[in-house]
Amino acid sequence: DANLLIGALVAGLAMAALMGALTANARVRSDTAIGVVFTAAFALGVIIITNQTIAGEELEHILFGDPLNAGWGDVLLTIGIGGAVIAVMLLLRRLFVVASFDPTGARAMGLPVVALDVLLLALTALTVVISFKAVGNILVIALLITPAATARLITERLLPMMATAAALGAASGVVGVYVGYHNDVSAGGTIVLVATLVFFAAWLAAPRHGILTAAVARRRSALLREHPEAVAEVILASKQIREPHEG
């Protein structure tokens, strides 16, 4: 496990540096760089294991995780690296925001945009590596994206969005492990499914951006436009509006 973790860490940081170097070219977008590097790394992995003998259970743990057999070393490593990632993100959050959303303006301000991009990718790589034990190297993609997408439906401010995404990811992990353990199914897969169910719930019923919430708001607005007397009745029934004109 230690050799696998060290290898994953070295490979992840190397891929992060490569993607940062690719995106330094203005004609190569970040999603393009991720797609090129990810598929190339996956293909390289397939070539490496072609003549290797890997037990089916071991391969399953690599791909889909094995959180129920995590030891104290795994827990302490997760806490240590996770805490370091959070600390760096909070310390440099303003620089990351400027470099991510307005790279041209960041360069004009003299900020090292490429270095910040590489650092952000390296932090993401560290997060992926410490998640291997929980959900494996395939499902970790869903666990990175789904809570963040859910949080974006719930709030529009960056810091609350980050906090909400972290809380949803943690809650999905706890619920997924509990359900997976008691039903004797893959805990990693259950974690991702729980996060996905929460996403669809937010997609339907988020306070401002949910599909059903928006439909109800549009229906209510249409009724008010069709029956303006209803608006007048609401105004007349409001004590706060009547009081200044009475007496």
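The rules behind each value
- Residues numbered from 1 in each chain as written.
- Predicted model: local features only at pLDDT ≥ 70, side-chain atom pairs only at ≥ 80, totals over all residues.
- Heavy atoms only, no water.
- Helix = DSSP H or I, 4+ residues; strand = E, 2+ residues; numbered from the N terminus.
- Contact = heavy atoms within 4.5 Å.
- Areas by Shrake-Rupley, 256 points an atom, 1.4 Å probe, with all protein chains shown as cover.
- pLDDT = per-residue confidence, 0-100.
- Phe/Tyr/Trp six-rings, centres within 6.5 Å; stacked < 30°, edge-to-face > 60°.
- Buried < 20%, exposed > 50% of the residue type's maximum accessible area, 1.4 Å probe, protein only.
- Core = buried A, V, L, I, M, F, W, Y, C linked by side-chain atoms within 4.5 Å.

**Q** Please give an account of the overall build of the protein chain that cites residues and values.
**A** Assigned secondary structure in the protein chain consists of 13 helices and zero strands. Helices and strands appear in the protein chain in the N-to-C order α-α-α-α-α-α-α-α-α-α-α-α-α. Long-range pairs, those at least 24 residues apart, make up 56% of the contacts in the protein chain with a sequence separation of at least 6. Element-wise, carbon and sulfur atoms account for 69% of the exposed surface of the protein chain, whose accessible area totals about 16300 Å².

**Q** Report on unusual backbone geometry, specifying residues and quantitative values.
**A** Its identity as a non-glycine residue notwithstanding, D184 has a phi of 55°, on the positive side. Residue placement: D184 occurs in the loop between helix 9 (158–183) and helix 10 (187–205).

**Q** Run through the confidence of the model for the protein chain, naming residues and quoting values.
**A** This prediction gives the protein chain a mean pLDDT of 81; 85% of its residues lie at or above 70. Mean pLDDT per element in the protein chain: helix 12 (residues 228–237) is the minimum at 56, and helix 10 is the maximum at 91.

**Q** Got a sec to walk through the packing of aromatic side chains? Specific residues and values, please.
**A** Enumeration over the complete set of coordinates arrives at three aromatic pairs. With a centroid separation of 5.5 Å and 70° between ring planes, the pair formed by F199 and F200 is classed as edge-to-face. Overall, F199 belongs to the partly exposed group, its relative accessible area being 23%. Centre to centre, the rings of F200 and W203 are 6.3 Å apart; their planes meet at 90°, and the pair counts as edge-to-face. Residue F200 and its partner W203 are both found in helix 10; the two are separated by three residues, about one turn of the helix. Given a relative accessible area of 43%, F200 falls into the partly exposed group. An aromatic cluster is built from F199, F200 and W203, whose rings are joined through pairwise contacts.

**Q** I'd like a description of the nonpolar core, backed by residues and values.
**A** Judged by nonpolar contacts, I81, V85, F96, A99, A106, L111, V113, L116, L123 and I130 together constitute the single largest core of ten residues. Broken down by secondary-structure element, the contributors of at least two residues to this core are helix 4 (72–91), helix 5 (93–101) and helix 7 (113–130). Sequence-distant contacts of F96, defined by excluding residues within four places in its chain, comprise V88, M89, L116, L119, L120 and L123. If you look at the next biggest cluster of nonpolar residues, it comprises six residues, including V135, L139, V140 and I191.

**Q** How would you sum up the environment of V192? Please name residues and give values.
**A** Counting through the fold element by element, V192 comes out in helix 10. You can call V192 buried: its relative accessible area is 9%. Linking V192 and G169, residues 23 residues apart in sequence, is a C-alpha distance of 9.2 Å. For V192, the contacting residues outside a window of four places in its chain are L139 and A142.

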